[in-house]
Each structure stands twice: as structure tokens, then as C-alpha cells.
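These are the residues of each chain, in order.
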Amino acid sequence: MSVARIRGAAHALPRRVVTNDELSNLMDTSDEWIRTRTGIRERHVSSGEDTSDLATQVAQQLLTASNLTGEALDFIIVATMTPDSAMPSTAARVQAAIGAAHAFAYDLTAACSGFVFALSQADKLITSGRYERGLVIGAEVLSKVIDWRDRTTAVLFGDGAGGVLLEADDTATTPFILAEKLQTDGSRGECLTSSKSLVQNPFVKFDKSENAQANRIQMDGRAVFDFAVRDVPKNIAETLMLSDLTAEEIDYFLLHQANSRLLDTIAKKLETPREKFLQNLEHYGNTSAASIPILLSEAIKNGKIKGDTSQKVVFTGFGGGLTWGTLVCQI
Ligand code: ACO
């Protein structure tokens, strides 16, 4: 049986770093408020790079590190809620940029759960035996959809991209994904919205200012916080049960990087040492679908994750939709 394996991970960030102090020149906020409520100190913000530019940088790094060309790929999935355009997809732009002539490519939208959902799909493509190799990338330029006048959301987000090269391993004896549980509750979707496109045509009246506002991220912070501390640890615990593993047997938990207080609470609820929950949100803010692959890429670079199939790692995404989900992986 073909088993999927992560052959490499990479990430790319816009060069421009914006500190909390810089934000306090733009809006009524402070470094102290942002740090104590979220853990965030700085974030990278696009100076013009769009989502496909960052995703292409990740794709090129992955190919170079594995000594491959784009022609070796069978598929490219880009998880994003900030595509350059609805059509062509961000993934199609990446496919063209790296000359992946034999790859089909598409975007997947599941907000901050996007990378986890995409990794699960890519695993199925490979274990089907039909496809051998593909890229799974999470990429966002959230600065396009932030309401820069709204201090309650503008301080939280950042831009970036990360991804993995996934490849079939015909000799593997253990699966890549040991257990998974992906969830959605659209009935709670209105607590976190962005890029709503209102119907505009010659036959309906529309208000331009209403349209501009609908395009921006709007969040009920308390409702999202409650969702994240109730549903997410439950989902992780249930997925661990499915894998027949305990939290102690997991080497690292790589959770979506929204807020350090959320990570503290989730770790406590799972009665698991906080050190096992890797964190880099202080430097990047919340990069939505990009946050987990950036964290993974850094963890492989700094040697915490060896990538030799000897470790067990939990990936958990959660965010707009509402969407959330966990993969327990042998990595
Ligand atoms: N700077 C200064 N003051 C602020 C700021 C800011 N950036 N933002 C809000 N405030 C003020 C509010 O206006 C309010 O003032 P008031 O009491 O005079 O009305 C006060 O701070 C408290 O506001 P709350 O919204 O109650 O602040 P809270 O302590 O709940 O923290 C936060 C807000 C950090 C967003 C919290 O609700 C949270 O962590 N929510 C989880 C949501 C999250 O992380 N979302 C990220 C995107 S979603 C995702 O990735 C899953």
C-alpha cells in the first residue's frame, strides 16, 4: 500500500516586519495590551507580494531542497482564504510559476483549518495509489482583508506561507495519519467572517459602503475564544482516542497559532505540558492556513521534529466556518 510521507517543509514571509509599537501609531492600542492578551509581538506584512507569490516561494524551496522540478508533481493544493483571485486559483498560479505541467491544482478554503483539511485530502490522494507526489501549501495575505481601523482584529493577524512536499512511500509499514477527525459547524459561521461578496447586479439595490465593510474580517472575539477552548480540546482528545494513543505518547502538538492564551488553556484542558505545544505566534501573529506549516517548517529546521518517521505529532486547525480538526501523524 502507498503511504504518504512528508519529504520536506518550507516557509516564506514578506520581508516587512510590523511591531506592536508601529501599530499603536496607526490605532488606539499598545504593545502591552497586544502582548498580554495575545502573546503577539510582531507580524510580517506584505509590501505588495500577493498570496501566490508567497506560495510560489514555498513551492520553489520545496522543489530545490528535494532536487526535483515542477514536472515531478501530480498535484498542488493551496489552502487559503485570501486567494489572489477566485479564478484562476492561487494553486493554478503556483502551478504555472513552477512549471508543474503534469499537476492538477486547486485552492481549498477552510480558513485557519485549511492546512489540516488539505493535508488530510492529500494523504487520501496518495494512499489511493493514483498519485505519487504533491505540494500542500497554506498561504495567506490577510493584510488585504483586515479592517485597519478596527483594533479588535487588526492587531491579531499577519501574512505568510508554509507548505510540505508529500510523497508516496511504498515500503512504509505504518500509515502517515494514524487518526483524524475533521469537523464543521456552519450554524456558528457568523462569529468570524471575511470577503463576503454581496450580490451586485443591475436588478438589486446595493450600498457600496456595506460592501466594503463585508469584505473585511469581522469577529466576535468572545464567541471564537469559547469555541476554541471548548470544541478544540474535545476534538484533540477524541482523535487521540481513535489513534489509541495518549497525550503523553505525542512528541509535539502543532496547533493553529491564534493566541498564546488559547494554547495555554487547551494544554491545561488536555493535562499536557505546555512545552509540547510549539509556538511562534509572537513573531508572525495569526497567519490562518499558513500558521501550522510555518510552525512545522521551523520545527524541522531547528531539529525538534526530525522527519525520520520516529515521532508522533498532532496537527490541529481551528477557525472560520466554523471549522476545526485534528490529525495524529507518524512523522
Ligand atoms: N488594543 C487595546 N484595547 C483593545 C484592543 C486593542 N487592540 N482590542 C480590544 N480592546 C479593548 C476593547 O475595546 C475592550 O475595551 P472596553 O472594555 O473598554 O470595551 C477591552 O479591550 C476588552 O476587549 P475584549 O474583546 O473583551 O478583550 P479580550 O480580553 O476578550 O481579548 C481577544 C480579545 C484577544 C480577541 C480574545 O477575545 C480572544 O483571544 N479571542 C479569540 C479569538 C482569536 O484569537 N481570534 C483570532 C482569529 S480566529 C482564529 O484564528 C480561530
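Being a predicted model, the structure only gives us computed values, none of them experimental.

Visitor: Before we go on, may I ask you to explain the overall build of the protein in this structure?
Guide: Along the protein, the regular secondary structure elements total 11 helices and 13 strands. Taking 2.2 N^0.38 as the reference for a compact globule, 331 residues should give roughly 20 Å; the C-alpha atoms of the protein span a radius of gyration of 19 Å, in line with that estimate. If you line up the protein on its principal axes, its C-alpha atoms span 60 × 45 × 40 Å. For the protein, buried positions account for 55% of its 331 residues. Across the protein, contacts joining residues at least 24 apart in sequence account for 77% of those joining residues at least 6 apart. Carbon and sulfur atoms provide 49% of the accessible area of the protein, an area that totals close to 14400 Å².

Visitor: Just to check I follow, could you spell out the packing of aromatic side chains for this structure?
Guide: Think of a pair of aromatic rings as described by two things: how far the centres are apart, and how the planes are tilted against each other in angle. Tallied over the full model, the rule gives 5 aromatic pairs. Here the aromatic rings of Phe-104 and Tyr-106 are separated by 6.2 Å at their centres, their planes lie at 5°, and the arrangement is stacked. Exposure remark for Phe-104: the relative accessible area of 31% places this residue in the partly exposed category. Between the aromatic rings of Phe-104 and Tyr-131, the centroid separation amounts to 5.3 Å while the plane-to-plane angle is 65°, which identifies the pairing as edge-to-face. Here Phe-104 is found in strand β5 (residues 104-108), whereas its partner Tyr-131 is found in the loop between α5 (114-127) and β6 (133-140), with 27 residues between them in sequence. Residue Tyr-131 is classed as partly exposed on the basis of its relative accessible area of 29%. Taken together, the ring pairs connect Phe-75, Phe-104, Tyr-106 and Tyr-131 into an aromatic cluster.

Visitor: I keep staring at unusual backbone geometry and nothing clicks. Help me out?
Guide: Both trends apply: most residues other than glycine have a negative phi, and most peptide bonds are in trans. The omega torsion of the bond from Met-87 to Pro-88 falls at -5°, within 30 degrees of zero and hence cis. For Pro-88, the position within the fold is in the loop between β4 (75-79) and α4 (90-97). Here the residue pair Gly-321 and Leu-322 is connected by a cis peptide bond, since its omega of -10° sits within 30 degrees of zero. Residue position: Leu-322 is located in the loop between β12 (312-319) and β13 (323-330). With a phi angle near 50°, Ala-111 is a residue other than glycine that sits in the positive phi range. Along the polypeptide, Ala-111 turns up in the loop between β5 and α5. For Ala-111, a relative accessible area of 11% gives the class buried. Here the phi dihedral of Ser-195 falls at roughly 50°; this positive angle occurs in a residue that is not glycine. For Ser-195, the position within the fold is in the loop between β9 (192-193) and α7 (208-214).

Visitor: Looking at this structure, I do not really get a nonpolar patch on the surface. What am I missing?
Guide: A grouping of Val-199, Val-204 and Phe-206 is seen on the molecular surface, where their side chains present a nonpolar patch of about 260 Å² in accessible area. Take Val-199: it is sitting in the loop between β9 and α7.

Visitor: Looking at this structure, how should I read the sheet that holds β6?
Guide: As a general point, the strands of a sheet are linked pairwise by backbone hydrogen bonds and lie either parallel or antiparallel. The sheet built from 5 strands is open, its strands ordered β1-β7-β6-β4-β5 with mixed pairing. Pairing within the sheet leaves two strands with one partner each, and these edge strands are β1 (3-12) and β5. The mean inter-strand angle of the sheet, taken between neighbouring strand axes irrespective of direction, is 20°. The pairing of β6 with strand β7 (residues 160-169) spans 8 bridges and is classified as antiparallel.

Visitor: Before we go on, may I ask you to explain the environment of Ala-161 in this structure?
Guide: Relative to the helices and strands, Ala-161 is located in strand β7. In this structure, the C-alpha to C-alpha distance between Ala-161 and Gly-320, residues 159 residues apart in sequence, is 18 Å. Excluding anything up to four places from it in sequence, Ala-161 contacts Ala-10, His-11, Ala-12, Leu-54, Ala-55, Val-58, Gly-138, Ala-139, Ala-290 and Ile-294.

Calculation rules
Residues numbered from 1 in each chain as written. Predicted model: local features only at pLDDT ≥ 70, side-chain atom pairs only at ≥ 80, totals over all residues. Heavy atoms only, no water. Helix = DSSP H or I, 4+ residues; strand = E, 2+ residues; numbered from the N terminus. Rg over C-alpha atoms; globule rule 2.2 N^0.38 Å. Buried < 20%, exposed > 50% of the residue type's maximum accessible area, 1.4 Å probe, protein only. Contact = heavy atoms within 4.5 Å. Areas by Shrake-Rupley, 256 points an atom, 1.4 Å probe, with all protein chains shown as cover. Phe/Tyr/Trp six-rings, centres within 6.5 Å; stacked < 30°, edge-to-face > 60°. Patch = residues over 30% accessible without salt bridge, like charges linked within 9 Å, V, L, I, M, F, W, Y side chains within 5 Å. Salt bridge = Lys/Arg side-chain N within 4 Å of Asp/Glu carboxyl O. Pairing = 2+ DSSP bridges. Axes fitted to C-alpha atoms, helices over the stretch in contact; angles between N-to-C directions.

So far we have only geometry, and geometry alone does not tell us how the molecule works.
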